[in-house]
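Structural characterization, general
Here is what each chain is made of, one letter per residue.
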Amino acid sequence: MEKLPYKVIIDELPEQSVAQFSGQLIINHIEKITAIVKQELKTDKDLKVEIVNTESIDVTFIQLLLSIKDTFKSNGHKVNINAELNEDLQILIKNAGFQYVLN
């Protein structure tokens, strides 16, 4: 199996869905990441998003998160995002004005 520079794990629990993202969450891989989300993520209950072990992140991934949040909100469900980012990535997100997305 090919070693991918990103990882997406979707778990459907009885009370909520869980989506975990890690690795390189950037434009080079966003189409494949988005395809996984569209194929595997169900929007019929609340969602917990975990962003862990992130090497890099860019605005395309932030746009995906915004889209996910909007989709779940329009279906009457909540999205809780827990992002464990290193200090450099936290500063990057803050300076770009997107810290509100991760709350």
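Right, let's walk through the structure included here.

Reading the values: the criteria
Residues numbered from 1 in each chain as written. Predicted model: local features only at pLDDT ≥ 70, side-chain atom pairs only at ≥ 80, totals over all residues. Heavy atoms only, no water. Helix = DSSP H or I, 4+ residues; strand = E, 2+ residues; numbered from the N terminus. Phe/Tyr/Trp six-rings, centres within 6.5 Å; stacked < 30°, edge-to-face > 60°. Buried < 20%, exposed > 50% of the residue type's maximum accessible area, 1.4 Å probe, protein only.

Some points on unusual backbone geometry
One non-glycine residue, Asn 53, lies in the positive phi region at around 45°. With respect to the helices and strands, Asn 53 occurs in strand 3 (residues 47-57).

As for the packing of aromatic side chains
For the structure shown, the criterion picks out 1 aromatic pair. With a centroid separation of 5.1 Å and 70° between ring planes, the pair formed by Phe 21 and Phe 61 is classed as edge-to-face. Placement of the pair is Phe 21 in strand 2 (residues 17-25) and Phe 61 in helix 2 (residues 59-74), with a sequence separation of 40 residues. Residue classification places Phe 21 among the buried positions, given a relative accessible area of 0%.

Structural notes on the environment of Lys 3
Inspection of the secondary structure assignment puts Lys 3 in the segment before strand 1 (6-12). For Lys 3, a relative accessible area of 77% puts it in the exposed group. Taking the C-alpha atoms as reference, Lys 3 lies 29 Å from Val 101; in sequence the two are 98 residues apart.

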